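Coordinate inspection notes
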Amino acid sequence: MNRQNWKKWLKAAIVRAIKTMAQTAVALIGTNAIGVTDVNWFAVGSAALLAGIVSLLTSIAGLPEVDDTNVYDLTAK
C-alpha cells in the first residue's frame, strides 16, 4: 500500500470512528438522562470510546469511501 492510499484510508477511518463515537454518545445520553447531572459521563465516554475502537477495527475490512481497489493489495506496485 502506498503512502497516499494509507493516508486516504486513515483519514476516512478516523472520520468514520469519530462519527460513530458521537452517535453512540448521543444515543446513551438521550436514553438515560433527565438532566445534565443525571448523565453517567464515565459510561457514555467508555461506550463511545469502545464504539470508536470497534469502528476502526471494522474499517480494516474496507471502506467504501476509499474506492481504490489496490489499497489492500500488497503485491501492487
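Let me begin by describing the structure that accompanies this report. Source: prediction; values computed, not measured.

Check the secondary structure of the protein and you find 2 helices and 0 strands. Split into buried and exposed, the 77 residues of the protein put 22% on the buried side. Contacts in the protein between residues at least 24 apart in sequence constitute 69% of all its contacts with a sequence separation of at least 6. A total of about 5,800 Å² of accessible surface is found on the protein, and carbon and sulfur atoms cover 66% of it.

A grouping of W6, L10, I14, I18 and L56 is seen on the molecular surface, where their side chains present a nonpolar patch of about 440 Å² in accessible area. Here the nonpolar patch gets 4 residues from one element, more than from any other, and that element is helix α1 (residues 3–32). Examined against the element boundaries, W6 turns out to sit in helix α1. Of the residues examined, W6 reaches a relative accessible area of 42% and is grouped as partly exposed.

Turning our eyes to something else, we now look at the environment of G62. Topologically, G62 is positioned in the segment after α2 (41–59). Spatially, the C-alpha atom of G62 lies 8.7 Å from that of W9, the residues being 53 residues apart in sequence.

Next up on the list: the packing of aromatic side chains. Summed over the entire model, instances satisfying the criterion amount to 1 aromatic pair. Ring geometry for W6 and W9: centres 5.4 Å apart, planes at 25°, overall stacked. Placement of the pair is W6 and W9 together in helix α1, with a separation of 3 residues, close to one helical turn. Residue W9 is classed as buried on the basis of its relative accessible area of 9%.

Here A12 lies in helix α1. Residues A12 and L56 lie 44 residues apart in sequence; the distance between their C-alpha atoms is 9.8 Å. When near neighbours in sequence (up to four residues on either side) are disregarded, A12 contacts L63, E65 and V66.

Procedures and definitions
Residues numbered from 1 in each chain as written. Predicted model: local features only at pLDDT ≥ 70, side-chain atom pairs only at ≥ 80, totals over all residues. Heavy atoms only, no water. Helix = DSSP H or I, 4+ residues; strand = E, 2+ residues; numbered from the N terminus. Buried < 20%, exposed > 50% of the residue type's maximum accessible area, 1.4 Å probe, protein only. Contact = heavy atoms within 4.5 Å. Areas by Shrake-Rupley, 256 points an atom, 1.4 Å probe, with all protein chains shown as cover. Patch = residues over 30% accessible without salt bridge, like charges linked within 9 Å, V, L, I, M, F, W, Y side chains within 5 Å. Salt bridge = Lys/Arg side-chain N within 4 Å of Asp/Glu carboxyl O. Phe/Tyr/Trp six-rings, centres within 6.5 Å; stacked < 30°, edge-to-face > 60°.

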